[in-house]
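Residue-level listing of the chains:
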Protein chains: 4
Amino acid sequence: MVIVFKPNASKEQIGHVSDYLHAKGFDIHINEGKELTIFGIVGDTKLLTPETFLEMDGVSNAFRVQESYKLCSRTFHPRNTKVRVGDVTIGGSEIAVIAGPCSIENEEMLFHISSGIVKSGANLIRGGAFKPRSSPYAFQGLGEEGLKYLRKIGDRTGRPVVSEVMAISDIPLFEKYVDLIQIGARNMQNFALLKELAHVKKALLLKRGISATIDEWLNSAEYLASKGNQRIILCERGIRTFEQSTRFTLDLSSVPVIKKKSHLPIIVDPSHPMGQRELVIPMARAAVAAGADGIMVEVHNCPEKALSDGPQSLTIKQFSDLMKEIEIIAGAIGKTIAKN
Amino acid sequence: MVIVFKPNASKEQIGHVSDYLHAKGFDIHINEGKELTIFGIVGDTKLLTPETFLEMDGVSNAFRVQESYKLCSRTFHPRNTKVRVGDVTIGGSEIAVIAGPCSIENEEMLFHISSGIVKSGANLIRGGAFKPRSSPYAFQGLGEEGLKYLRKIGDRTGRPVVSEVMAISDIPLFEKYVDLIQIGARNMQNFALLKELAHVKKALLLKRGISATIDEWLNSAEYLASKGNQRIILCERGIRTFEQSTRFTLDLSSVPVIKKKSHLPIIVDPSHPMGQRELVIPMARAAVAAGADGIMVEVHNCPEKALSDGPQSLTIKQFSDLMKEIEIIAGAIGKTIAKN
Amino acid sequence: MVIVFKPNASKEQIGHVSDYLHAKGFDIHINEGKELTIFGIVGDTKLLTPETFLEMDGVSNAFRVQESYKLCSRTFHPRNTKVRVGDVTIGGSEIAVIAGPCSIENEEMLFHISSGIVKSGANLIRGGAFKPRSSPYAFQGLGEEGLKYLRKIGDRTGRPVVSEVMAISDIPLFEKYVDLIQIGARNMQNFALLKELAHVKKALLLKRGISATIDEWLNSAEYLASKGNQRIILCERGIRTFEQSTRFTLDLSSVPVIKKKSHLPIIVDPSHPMGQRELVIPMARAAVAAGADGIMVEVHNCPEKALSDGPQSLTIKQFSDLMKEIEIIAGAIGKTIAKN
Amino acid sequence: MVIVFKPNASKEQIGHVSDYLHAKGFDIHINEGKELTIFGIVGDTKLLTPETFLEMDGVSNAFRVQESYKLCSRTFHPRNTKVRVGDVTIGGSEIAVIAGPCSIENEEMLFHISSGIVKSGANLIRGGAFKPRSSPYAFQGLGEEGLKYLRKIGDRTGRPVVSEVMAISDIPLFEKYVDLIQIGARNMQNFALLKELAHVKKALLLKRGISATIDEWLNSAEYLASKGNQRIILCERGIRTFEQSTRFTLDLSSVPVIKKKSHLPIIVDPSHPMGQRELVIPMARAAVAAGADGIMVEVHNCPEKALSDGPQSLTIKQFSDLMKEIEIIAGAIGKTIAKN
């Protein structure tokens, strides 16, 4: 931690900060210049917060020199992490495509959609069984029954399957049925859930909270990593802004920013933020061009009959066309689409 | 639900929407004008979402006529709800003041602070025992030990006590030790937690999520109310915006907006969003002037030594001065400060 | 400016930054510690931007030690500035109330409204003659005719008058007819306009841009001050956020933040952001409680017939009631309402 | 305009709205159902605003059926508009690349950079001569001298040139020296400037305001189009959000949204929002993949010596590599890079 004093800070003000730090057991590397006095604090500064000092009289600035996360930081782990889920590797030179319906409505639709997308090259199959819904009156998903269908389809197609967990009490079901466990945007800072999932022997897909900064997102990943599970894939899914023509603003710039700050793989979900399928397709392409390690898109055999999020689901034909486009785009930056 | 077609919508487009609705079992009240065709949909439209129709060809607009929440809506419950916690009533003509340290650090500091603020008129005592922290390495609170101290102080001073619950597994502790259970901003859409708390026989303090719209907030309250617990107090605590001179932007306008949309009481926490005590004081006053049913402020006997959020904590003296100011402001709008 | 290097920065990286600075003619105060190397840059650092260094290899942080504005900073001018407009002083212990219609529609309505509000104690009369409208098809105001009516009313009631200027070519009209010239939110960074207004011999009311940070706002004030006009009053009018239940989010916390950073007076306009009169009243009270030097509210004799912004206009009776409330609130913090 | 009443609206409330509309000369198409009463308003509703009705008792919703802009709407003009600047056509199947330095610092650097980028295929050359700067003390550009250099380079390389105008009084200079006149983000709602530029015989590049909604942006384009100049190219350049790891959040989803709502071409500037060159490159690629009609990137021969925005400027070599990548990406969606 570094503390910079105001040009006109008094000796008393500087001494007060010094006393405070010594009382807490920290060493200070003092630099007194003509115009500026600067403290470099030596020791385990994780327990200090810059705000404490910003409030003190005479202090101009106080900040950490290092990120508050370590295991997820590229500084401490320069090489890209690759996460293996079933026979797919996420985070290398291959782009992984996750597709499937928003909600699993019944076995037939899941089978129908899965067959179609696997034929076009989807690498993993997604399907919601427990749905986070703003309103208590909305359809909340099929629960365990949905996960069973998903497992069955996964086994039949040979594709790993992904679904979102919402409650600690449901974790055993996910360990049984699912290959990649999704932590939804609303639970990105549900620390109790993160702590439990850290002990699970499955890969984790951590969505960005709808108003989470990139540093908060990486700190949530650090909760998982520091407590035992480093098989983490990040997923950008849009942030909340003033713009109302899309549900959320897909922040594609998080892809290169994460690549710079962290070694973890990052994929992009363009379906939820865009809300309309004709907008999902260009943003899926853009995600690949921006350097994402994968995309996750919703596909439905009959979007208008979908029980949730129909308008944003691609048709199977649209998905197939998209696959051809992103294959070329991947090639432009030296990547390929993964093959199971 | 109402669906409005574009002026140039074709018969086929309109017929398609009509077929879709009939297939789902809804009756349509059709209004065909010279320029506009409008559908009023009759039946239980809770399973429909406007987005489904917005995506269909020829549709100009689709929207609900009523809010998605009912029990928490003023439309269905015009009179103010009053929530009784211990001997304090929140939501009437009295303003409740909740105060105490951010984190309970030890018994002495809690006792020292509590004595001071009770003397100045605090109605409830707050103190964090389980702390939601962005970083896994930050101080996470004393846990059950903290709740025990809080209970002891509550009994000694005769003031009800408030603390935040973070995990379902901790709910029994809160039932045992705490009078008003706080649901933190990060958990506003932790639906698993909300469903459990709905069955608890304690009053609940539901903080607004850092990027929650007012409607989402009321829908989260509806999760509690619809599943059994209507003793809900809302708490505005700032939203996330681009402005960085404060931690969050305290959205005081949510106070009159909630008063218009809902019958639930609403209080304001100016401490967390403002981050610096000299900014907390004017915003606490402003909250009362805006019509809040109460305020919740952090007070510390020695803010510089606080383990968390020291800079935003008022001193006991500052709290005492604030009480005098808000008493006059309350009087300006026909209210008084509550007395235990 | 201070530059902090990463703990693992190489000699070459540090040397490169050093060479860059020397080539630009700056002296460096170097502090090399065991873990950290820090540069304090001596000289006129206004031409440097922190981003330049943040991009360089090995640099961890770079920041200014002082604000980018000077004349508007409290650091360089600790005492509150008081701006006199007609016989009203804004920025002292008196709260100034500006009121009037959004748009001047005709002479009668302006006269009717002005008589009513002056009777209740309004200190200045506002009225729009040139209206900034998102759509080119919306009512754009009466232009010079409106300003003439405003001047006439000002003379008749003895109250100074306020109106918004939108174009440099209209400045002479404002110099002729108006006492306080308003710079609208959309023009806060219209630097060409600011530079011209800096030479005008009238007090200026500078509204905050809808997504301006507080520092950008003070920098815009610095454009005025540094080029010759220091009679500046700031006006908070809401910022753009995700919340849609109000037009803008009134950021009342800017009041104490501005008081801390600057010596300039600040008033609050609750009418535009709230959009509905029943929400304007509590926020006007809150503005006074937060420490604003004044408020500016829209009043209309017949809000439903208003050509613009009717729903947010108070009736004359509501305005009169509000004046009584804020008089008490002002008293709670040792202030009074100004009397002309 | 459509007005929907609440299910429990009284006859008096409905009658009141009806009287109001009749008094203003509008016809009403009334639809009284069992549960709902709906008004369709016939006539020139441009002078009405939905808010007026939302405020009235008994009203549930009020909204426009058509956009507030016409000439810029795809509804009224289904085919893509192509804007010709020099020998480049923007808005067709070719992608236009605009490149050059942020600020024109002197003739040599402009010549050096221009030669390099033209060799790699840049279609237009950009360069700032009048710079909008938050601080009055920052470098404000070379002014007319810069424009002269730009014209000279344009003539020498045969490439059209682009620069930003800030003041009405400078328009004649731009008419003389520049081929495409840029309206900066801060001036998107400088209506006085828009009205003047509508009469200029040059193509216009309208940047999105930093917190402008897409509808506001199109309304600003409508100011230009409705007053005489329809040669408009839109430019996305990032919006302001809470995320601080980039300067602005580049909202690439505006590309497909604009394509849906409007027939105007849209290009993307990834340089300003990203702020660091390593982040600019992936976002430039993503813009092309998202369907943009062009990109505008900053290039500098020696970014570290740049007087403004050095860190975000690509080197000539990086620009050349980027051109190769976007050529492939353009091909993936059936487009090519323009050739002069």
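Since the model is a prediction, treat every value here as computed from it, not as a measurement.

Undergrad: For this particular structure, what's the right way to read the overall build of chain A?
TA: A count of helical and extended segments in chain A gives 11 helices and 15 strands. Structurally, chain A occupies a C-alpha span of about 75 × 45 × 40 Å along its principal axes. Burial status across chain A gives 59% buried among its 340 residues. Considering only contacts in chain A between residues 6 or more positions apart, those separated by 24 or more positions represent 67%.

Undergrad: Mind showing me how you'd approach the relation of the copies chain C and chain A here?
TA: What relates the pair of chain copies is a rotation about an axis plus a shift along that axis. Mapping chain C onto chain A is achieved by rotating through 180° and translating by 0.0 Å along the same axis, at an RMSD of 0.0 Å. In the structure described here, the two chain copies are related by an operation that fits a two-fold rotation axis. Measuring from the rotation axis to each C-alpha of chain C, the shortest distance belongs to C:Phe242, at 2.1 Å. Comparing contact sets, 100% of the residues at the interface of chain C also lie at the interface in chain A, consistent with an isologous, same-surface contact.

Undergrad: How should I be thinking about the relation of the copies chain D and chain A in this particular structure?
TA: In screw terms, the move from chain D to chain A is a rotation of 180° and a rise of 0.0 Å along the axis, fitting with an RMSD of 0.1 Å. Comparing interface residues between copies, 100% of those in chain D also sit at the interface in chain A, which points to an isologous, same-surface contact.

Undergrad: Looking at this model, I keep getting lost on the domain arrangement of chain A. Mind explaining?
TA: Buried accessible area, meaning the area lost when the parts come together, often serves as the stated size of an interface. Domain annotation of chain A identifies domain 1 (2–63) and domain 2 (83–337). Here domain 1 of chain A and domain 2 of chain A have C-alpha centroids that lie 45 Å from each other.

Undergrad: Please clarify how the nonpolar core should be interpreted in this entry.
TA: Generally speaking, soluble globular proteins have nonpolar side chains that are buried together. Counting 387 residues, the largest nonpolar core has A:Ala287, B:Ala287, C:Ala287 and D:Ala287 as its most contacted members. Aside from chain neighbours lying at most four places away, what touches B:Ala287 is B:Leu252, B:Val255, B:Val268, B:Pro270, B:Ala292 and B:Ile295.

Undergrad: Please clarify how the environment of D:Pro311 should be interpreted in this entry.
TA: Here D:Pro311 is to be found in the loop between β14 (294–298) and α11 (316–332). Each C-alpha atom, one on D:Pro311 and one on D:His300, is 9.7 Å from the other, the two residues being 11 residues apart in sequence. If near-sequence neighbours (up to four positions away) are discounted, D:Pro311 is found in contact with C:Glu51, C:Thr52, C:Leu54, C:Glu55, D:Gly275, D:Gln276, D:Arg277 and D:Pro303.

Undergrad: What's the story with the pairing of strand β14 (residues 294–298) of chain C in this structure? I'm lost.
TA: For a regular strand, side-chain orientation follows a simple rule: the groups alternate between the two sheet faces. The buried fraction of β14(C) is high, at five of five residues. On β14(C), burial covers both faces: C:Gly294, C:Met296 and C:Glu298 on one face and C:Ile295 and C:Val297 on the other are all buried.

Undergrad: Even after reading the chapter, I still don't get the interface of chain C and chain A, so can you show me in this structure?
TA: Taken together, the contact pairs 18 residues of chain C with 18 residues of chain A. When its residues are assigned to classes, the side of chain C that touches chain A shows nine nonpolar, seven polar and two charged.

Undergrad: Would you explain the confidence of the model for chain A in this entry?
TA: Segments scoring low in pLDDT should not have their predicted coordinates read at a detailed level. Per-residue confidence for chain A gives a mean pLDDT of 92, with 97% of residues at or over 70. Across the whole predicted complex the pTM is 0.93, and at the interface the ipTM reaches 0.92.

Undergrad: Would you mind showing me how to read the interface of chain D and chain A here?
TA: Listed as interface residues are 36 residues of chain D and, on the opposing side, 36 residues of chain A. Listed by contribution, the elements that provide at least two residues to the side of chain D that touches chain A are α8 (254–261), α10 (277–289) and α11 of chain D. The dominant element in the side of chain D that touches chain A, judged by the number of residues it contributes, is α10(D), at eight residues.

Undergrad: I would appreciate a short explanation of the sheet that holds strand β4 (residues 59–63) of chain B in the present structure.
TA: By definition, the strands of a sheet pair up through backbone hydrogen bonds, in either a parallel or an antiparallel sense. Residues and elements named next belong to chain B. Taken together, the four strands give an open sheet; going across it, the order is β2-β3-β1-β4, and neighbouring strands pair in antiparallel fashion. Each edge of the sheet is formed by a strand with only one pairing partner; in this case those strands are β2 (27–32) and β4. Strand-to-strand, the axes of this sheet are offset by a mean angle of 15°, without reference to chain direction. Two strands pair when backbone bridges link them, and strand β1 (residues 2–5) and strand β3 (residues 37–42) are joined in this way by three bridges, in the antiparallel orientation. By the bridge assignment, Ile 3 is partnered in β3 with Phe 39. Strands in contact with helix α1 (residues 11–23) are β1, β2, β3 and β4; relative to β3, the strand with the most contacts, it is inclined by about 0°.

Undergrad: Would you take a moment to explain the environment of C:Phe39 for this structure?
TA: Residue and element names in this part refer to chain C. Topologically, Phe 39 is positioned in strand β3 (residues 37–42). Distance in space between the C-alpha atoms of Phe 39 and Phe 5 is 8.3 Å, their sequence separation being 34 residues. Leave out the neighbours within four places in its chain, and Phe 39 touches Val 2, Ile 3, Val 17, Ile 28 and Ile 30.

Undergrad: Teacher, can you tell me more about helix α1 (residues 11–23) of chain D here?
TA: Owing to its 3.6 residues per turn, the α-helix aligns residues three or four sequence positions apart on the same side. All names here are of chain D. Over its 13 residues, α1 runs 18 Å from end to end, which matches the ideal 18 Å to within 8%, given 1.5 Å per residue. Burial in α1 covers these residues: Ile 14, Val 17 and Leu 21. Down the axis of α1, the buried side of the element spans an arc of 65°, and every buried residue falls inside it. With respect to the buried face of α1, the exposed residues turned more than 90 degrees away are Lys 11, Glu 12, Gly 15, Asp 19, His 22 and Ala 23. If you follow the buried residues of α1, they end up packed against β1 (2–5), β2 (27–32), β3 (37–42), α2 (50–54) and β4 (59–63). Gly 25 sits one or two positions beyond α1 and adopts a positive phi of about 90°.

Undergrad: Looking at this structure, how should I read α10(D)?
TA: All names here are of chain D. Over its 13 residues, α10 extends 19 Å from the first C-alpha to the last, a length consistent with the 18 Å expected when each residue adds 1.5 Å. If you check which residues of α10 are buried, you get Arg 277, Leu 279, Val 280, Ile 281, Pro 282, Met 283, Ala 284, Arg 285, Ala 286, Ala 287, Val 288 and Ala 289. Backbone geometry just after α10 places Gly 291 at a positive phi near 105°.

Undergrad: Can you help me understand the pairing of strand β9 (residues 161–165) of chain C in this one?
TA: All names here are of chain C. Along β9, five of the five residues are buried, which leaves the element largely enclosed by surrounding structure. As paired strands, strand β8 (residues 124–126) and β9 are joined by two bridges and run parallel to one another. From the neighbouring strand, Ile 125 faces β9, where its bridge partner is Val 161. One crossover worth recording links β8 to the parallel β9 by way of helix α4 (residues 144–157), and it is right-handed. Pairing of β9 with strand β10 (residues 180–183) involves four bridges; the strand directions are parallel. Bridged to Ser 163 within β10 is Ile 181. Between the parallel elements β9 and β10, the chain passes through helix α5 (residues 171–177) in a crossover that is right-handed.

Undergrad: Explain the environment of C:Leu36 here, please?
TA: Position of C:Leu36 relative to the elements: it lies in the loop between β2 (27–32) and β3. Taking the C-alpha atoms as reference, C:Leu36 lies 63 Å from C:Ile117; in sequence the two are 81 residues apart. Those residues in contact with C:Leu36, other than ones at most four positions away along the chain, are A:His29, A:Gly40, A:Val65, C:Val4, C:Phe5 and C:Pro7.

Undergrad: For this particular structure, what's the right way to read the sheet that holds strand β3 (residues 37–42) of chain A?
TA: Residues and elements named next belong to chain A. Taken in spatial order, the four strands line up as β2-β3-β1-β4 in an open sheet, and their pairing is antiparallel. Looking along the sheet, the strands with just one partner apiece sit at the ends: β2 (27–32) and β4 (59–63). This sheet shows a mean twist of 15° between the axes of neighbouring strands, independent of strand direction. In this fold helix α1 (residues 11–23) packs onto β1 (2–5), β2, β3 and β4, with an angle of close to 0° to the strand it touches most, β3.

Undergrad: What is the right way to read the packing of helix α10 (residues 277–289) of chain B against helix α10 (residues 277–289) of chain C from this model?
TA: Between two packed helices, both the angle of their axes relative to each other and the distance between the axes serve to describe the pair. At their nearest, the axes of α10(B) and α10(C) sit 7 Å apart, and the two run at 155° to each other. Comparing their axes, α10(C) and α10(B) come out roughly antiparallel. For the pair α10(B) and α10(C), the sense of crossing is right-handed. Residue-level contacts link B:Arg285, B:Ala286, B:Val288 and B:Ala289 of α10(B) to C:Arg285, C:Ala286, C:Val288 and C:Ala289 of α10(C). Taken together, the residues that form the contact of α10(B) with α10(C) break down as six nonpolar, no polar and two charged.

Criteria and thresholds
Residues numbered from 1 in each chain as written. Chains lettered and ligands numbered in written order. Predicted model: local features only at pLDDT ≥ 70, side-chain atom pairs only at ≥ 80, totals over all residues. Helix = DSSP H or I, 4+ residues; strand = E, 2+ residues; numbered from the N terminus. Buried ≥ 20, exposed ≤ 12 C-beta atoms within 10 Å, placed from the backbone. Contact = placed C-beta atoms within 7 Å. Least-squares fit on C-alpha atoms with pLDDT ≥ 70 in both. Domains from an automatic or database assignment. Core = buried A, V, L, I, M, F, W, Y, C linked by C-beta atoms within 7 Å. Nonpolar A, V, L, I, M, F, W, Y, C, P; charged D, E, K, R; others polar. pLDDT = per-residue confidence, 0-100. Pairing = 2+ DSSP bridges. Axes fitted to C-alpha atoms, helices over the stretch in contact; angles between N-to-C directions. Expected span 1.5 Å × (residues − 1). Arc of directions from axis to C-beta. Right-handed = clockwise from strand over helix to strand, strands pointing away. Parallel < 35°, antiparallel > 145°, perpendicular 65-115°, else oblique. Left-handed = near helix turned anticlockwise from the far one by under 90°.

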